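Next come the chains, spelled out residue by residue.
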Amino acid sequence: MDQRLDPGLSPYRSFARAEWAQLREDTPMPLRQDEIVRLQGLNDRLSLREVEEIYLPLSRLLSLYVGATQKLFRAMSHFLDHTNTGEGKMPYIIGVAGSVAVGKSTTARVLQALLARWPNTPKVDLVTTDGFLLPNAVLEREGLMEKKGFPESYDLSLLLRFLTDIKAGRRPVKAPLYSHFFYDVMPDQTVEVDRPDILIVEGLNVLQTGRPPRDGKAIPFVSDFFDFSVYIDADDDVLEHWYVQRFMRLRETAFKDPLSYFHRYSKLSESEAVATALSIWHRINLPNLNENILPTRQRANLILRKAGDHEVEEVLLRKL
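Residues numbered from 1 in each chain as written. Predicted model: local features only at pLDDT ≥ 70, side-chain atom pairs only at ≥ 80, totals over all residues. Heavy atoms only, no water.

Asker: Even after reading the chapter, I still don't get the side chain of Glu-202, so can you show me in this structure?
Answerer: Tracing the backbone shows Glu-202 in strand 6 (residues 198-202). With no salt bridge to any partner, buried Glu-202 finds its closest opposite charge in Lys-104, at an N-O distance of 4.3 Å. In terms of polar contacts, Glu-202 uses its side chain to reach the side chain of Ser-105, at 3.1 Å. The contacts of Glu-202, once residues within four sequence positions are left out, are Val-96, Lys-104, Ser-105, Ala-108, Leu-126, Val-127, Thr-128 and Thr-129. (Helix = DSSP H or I, 4+ residues; strand = E, 2+ residues; numbered from the N terminus. Buried < 20%, exposed > 50% of the residue type's maximum accessible area, 1.4 Å probe, protein only. Lys, Arg positive; Asp, Glu negative; His and termini not counted. Salt bridge = Lys/Arg side-chain N within 4 Å of Asp/Glu carboxyl O. Polar contact = N/O pair within 3.5 Å; in protein donor to acceptor, adjacent residues only side chain to side chain. Contact = heavy atoms within 4.5 Å.)

Below is the structure:
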């Protein structure tokens, strides 16, 4: 399926890679090559050039948004005479969405590293929505293990309460911890978020909405808490290829540990492993992409469209 947006109907301004790279202007490059290597995901590719041409301009844009929002918040606090109430700042929340295997985690980590270098944003935290998945025991009881990653597999009320507390400036706020090794939420283990200047929230369905209630009562969506959102985009066949590649690399690394949830896959032959990865992709990840994730793409403020080599070939910025 061709995922490209119709330029005649698009609410976005499209930038070719070279055009977007020019928006960096004189922004200095704060990351070293060894830092970039540590930031990239297992099967993702991240070069110094990619950071300079794509993520530096984006961090510059976001720093402008954050600065303007902070200024507006101070003005509003003064207007409402909140100067002595202890309300110091309102965290700026950025959502990062996209398919499995598209490189969301890498993008989120790079943005965190770059934004933390800007003078007006010294504290940047990152959480993933994986921690808000329902525990495997609950998913199994409800018959949802094959729907893991679909909207119905998350504890939405817990995620909304977390974001509400973050926006309210409460401290500290705790998020559940998820282990990809054990493929489950870790009991009694949390990640602590303590009043960051910026919070990056990364996940499959963070731009998802639902039907409003018939009684007209207000119902918040996760994206209602976002000040800015990024969608990482690539064609279906490219995503499938990346997913299989990642599965095969995990088969040779993490899956070999007897304690890994997926240890059984390490015993498969190469052809069996490829067939298994393709089955998982077409049975679970592709339907989730087409039914739940891709339809939210045009809700994002910015879309990074990737080519088959993992590099961003086009940037689409929502028109103001």
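On we go from here.
Asker: Help me out: how do you make sense of the packing of helix 3 (residues 48-79) against helix 4 (residues 104-115) in this one?
Answerer: To characterise two packed helices, one gives the angle between the axes of the helices and the distance between these axes. Across the interface, helix 3 lies against helix 4 with an axial gap of 10 Å and an inter-helix angle of 60°. With respect to helix 4, the element helix 3 is oriented oblique. Two packed elements cross with a definite hand, and for helix 3 against helix 4 that hand is right-handed. Of helix 4, the residues touching helix 3 (which contributes Val-51, Tyr-55, Leu-56, Leu-58, Ser-59, Leu-62 and Ser-63) are Thr-107, Val-110, Leu-111, Leu-114 and Leu-115. Each residue belonging to the contact of helix 3 with helix 4 can be placed in one class, and the counts come to nine nonpolar, three polar and no charged. (Axes fitted to C-alpha atoms, helices over the stretch in contact; angles between N-to-C directions. Parallel < 35°, antiparallel > 145°, perpendicular 65-115°, else oblique. Left-handed = near helix turned anticlockwise from the far one by under 90°. Nonpolar A, V, L, I, M, F, W, Y, C, P; charged D, E, K, R; others polar.)

Asker: Whenever I open this one, the side chain of Asp-130 confuses me. Can you help?
Answerer: Counting through the fold element by element, Asp-130 comes out in the loop between strand 3 (124-128) and helix 5 (136-141). Despite its burial, Asp-130 pairs with no opposite charge; the closest candidate is Lys-104, at 7.4 Å N-O. Aside from chain neighbours lying at most four places away, what touches Asp-130 is Tyr-178, His-180 and Val-185.

Asker: Any chance you could explain unusual backbone geometry here in plain terms?
Answerer: For residues that are not glycine, phi is negative in most cases, and the peptide bond is trans in most cases. Residue Pro-172 follows Arg-171 across a cis peptide bond; omega there is -20°. Positionally, Pro-172 belongs in the loop between helix 6 (156-167) and strand 4 (173-179). Non-glycine residue Glu-25 carries a positive phi angle of around 50°. Its identity as a non-glycine residue notwithstanding, Asp-188 has a phi of 60°, on the positive side. Tracing the sequence through the fold places Asp-188 in strand 5 (residues 184-193). Classification of Asp-188 as exposed rests on a relative accessible area of 84%.

This is a description of form; function is not addressed.
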